[in-house]
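# Inside the fold
Next come the chains, spelled out residue by residue.
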Amino acid sequence: MLGYLRSGNKRIKAIWWTLTIVTVLSFLIGFSFMGSMGRNAGDARQGNSLGSINSERVTNPMWVRYLGEAQQRFVQSYGTAWFALHRRARAQAGEWLLVLGAGGGIGLAAVDVGRAMGLHVIAAASSEAKRELALSYGAEATIDTSTEDVKTRAKELSGGGVHIVYDSVGGALAEAGLRALRDDGQLLVLGFAGGEIPKLPANQILLRNRRVTGVDWGGWVGGHQKENAAMLAEVLTAIEAGQLRPVEPKAYPLADVAVALQDQVDRRVVGKSVLVP
């Protein structure tokens, strides 16, 4: 597709790629997509681009990469979990990991990646189905976030506190996770799927030498293209070797986007969801 950009009074010619896409419902709705691109329409591509849910999208080629069809379905979730635990937390085998929102796409991926790294994984989720799935993916124990005290139960299970909390939920669970950390523990902040940005008590960070670490994979990619390509190669190698086992996403027709979104809101989805044109 030929497009134009304006700079002052000058019209600057620019070439953009037009993509036929499958929009993936990840943490940010409409953030990740997959489909065919450019001159070779049969080539499968996957990319990231903030925007709407649609059947075609124009995006910067920087955010697009070639992947096999099967790989496209899980790279967003597993790339996020890998970046969080390997690059940001620098987790070590034998440490305790508490995953909040363990039944969602990036939460379940964190359970799987954590298990593969040799971590002791505790999966916190709101439904029995989500907790059972997390156990099948390597969690050693689960916490029912609808009935149990997350801080108390996590400390009991880990023998005094976890080393890392992986939080994509936010809200009250974020503070419970912070309080569940042992000395020098680390809270990973991935987002606020629960709808509320938490206000964390700074004394709980100061007095126990705890750390709060932001995890913004998308923001990091822009300045680390080569490192990101190497990281994704590591993820795909681990999957191909059978060290990681991505779950198949739940697929909805694009016309049923309202149903897909309501299922997300009502927490009926286990794992990841995709919209298919």
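I will try to describe carefully the structure that is included in this document.

Rules and cut-offs
Sequence order sets the numbering: in each chain, residues are counted from 1 along the sequence as written. Only residues with pLDDT of 70 or above have their local features reported here, since the model is predicted, and side-chain atom pairs are shown and tallied only from 80 upward, although totals for entire chains, interfaces and linings are computed over all residues. Where side-chain values are given, they derive from all heavy atoms of the structure, hydrogens and water being excluded. The helix and strand labels rest on DSSP assignments: H or I over at least four residues marks a helix, E over at least two residues marks a strand, and numbering proceeds from the N terminus. To estimate the expected span of a helix, subtract one from its residue number and multiply by 1.5 Å. Whether a residue is buried, partly exposed or exposed follows from its accessible area with a 1.4 Å probe, protein chains only, as a fraction of its type maximum: under 20%, in between, or over 50%, in that order. Any two residues having at least one pair of non-hydrogen atoms within 4.5 Å are treated as being in contact. Pairing of aromatic rings covers Phe, Tyr and Trp, the last counted by its six-membered ring, and requires centre-to-centre distances within 6.5 Å; plane angles under 30 degrees mean stacked, over 60 mean edge-to-face, and any other angle means tilted. Whether a charge sits over a ring depends on NZ of Lys or CZ of Arg being within 6 Å of the ring centre and within 35 degrees of the ring normal. Here, nonpolar core refers to any group of buried Ala, Val, Leu, Ile, Met, Phe, Trp, Tyr and Cys residues whose side-chain atoms link them within 4.5 Å. Pairing between strands is defined by DSSP: at least two bridges between the two strands are required. For helices, the fitted line uses only the C-alpha atoms of the stretch in contact; every axis is such a line through C-alpha atoms, and the angle between N-to-C directions lies from 0 to 180 degrees.

## A word on helix α3 (residues 105-116)
The end-to-end C-alpha separation of α3 is 17 Å, in line with the 16 Å expected for twelve residues at 1.5 Å each. A large share of α3 lies buried, amounting to nine of its twelve residues. Among the residues of α3, Ile-106, Gly-107, Leu-108, Ala-109, Ala-110, Val-111, Asp-112, Val-113 and Gly-114 are the ones counted as buried. Residues of α3 that are buried make contact with α2 (75-88), β8 (96-100), β9 (120-125), α4 (128-136) and β11 (162-167).

## Quick notes on the packing of aromatic side chains
Within the structure shown, the criterion is met by one aromatic pair. Ring geometry for Phe-83 and Trp-220: centres 4.9 Å apart, planes at 40°, overall tilted. Linking Phe-83 in helix α2 with Trp-220 in helix α8 (residues 217-221), this pair joins segments that are 137 residues apart in sequence. Neither Phe-83 nor Trp-220 differs from the other in exposure class; each is buried. Positioned over the ring face of Tyr-137 is Arg-245, at 4.5 Å from the centre of the ring.

## A closer look at the nonpolar core
Membership of the largest hydrophobic core comes to 42 residues, with the highest contact counts inside it found for Tyr-78, Leu-97, Val-99, Val-111, Val-113, Tyr-166 and Leu-188. Only α2, β8, α3, β9, α4, β11, α8 and α9 (225-240) provide two or more residues apiece to this core. Setting aside chain neighbours within four positions, we find Val-111 in contact with Val-99, Ala-102, Val-121, Ala-123, Ala-134, Tyr-137, Gly-138 and Ala-139. With 17 residues, the next largest nonpolar core counts Val-150, Ala-154, Val-169 and Ala-180 among its residues.

## Considerations on the sheet that holds strand β12 (residues 181-189)
Reading across the sheet, the six strands line up as β10-β9-β8-β11-β12-β13 and stay open at both edges, with parallel pairing between neighbours. Only two strands of the sheet have a single partner each, and these edge strands are β10 (141-144) and β13 (211-214). Averaged over all adjacent pairs, the angle separating strand axes in this sheet is 20°, with direction ignored. Judged from the four bridges that link them, β12 and β13 form a sheet pairing that is parallel. Counted as the bridge partner of Leu-187 is Val-212 from β13. Each of β8, β11, β12 and β13 touches α2; the most contacted strand, β11, lies at about 145° to it. Docked against the sheet, helix α5 (residues 150-158) engages β8, β9, β10, β11 and β12, running at close to 165° with respect to β10.

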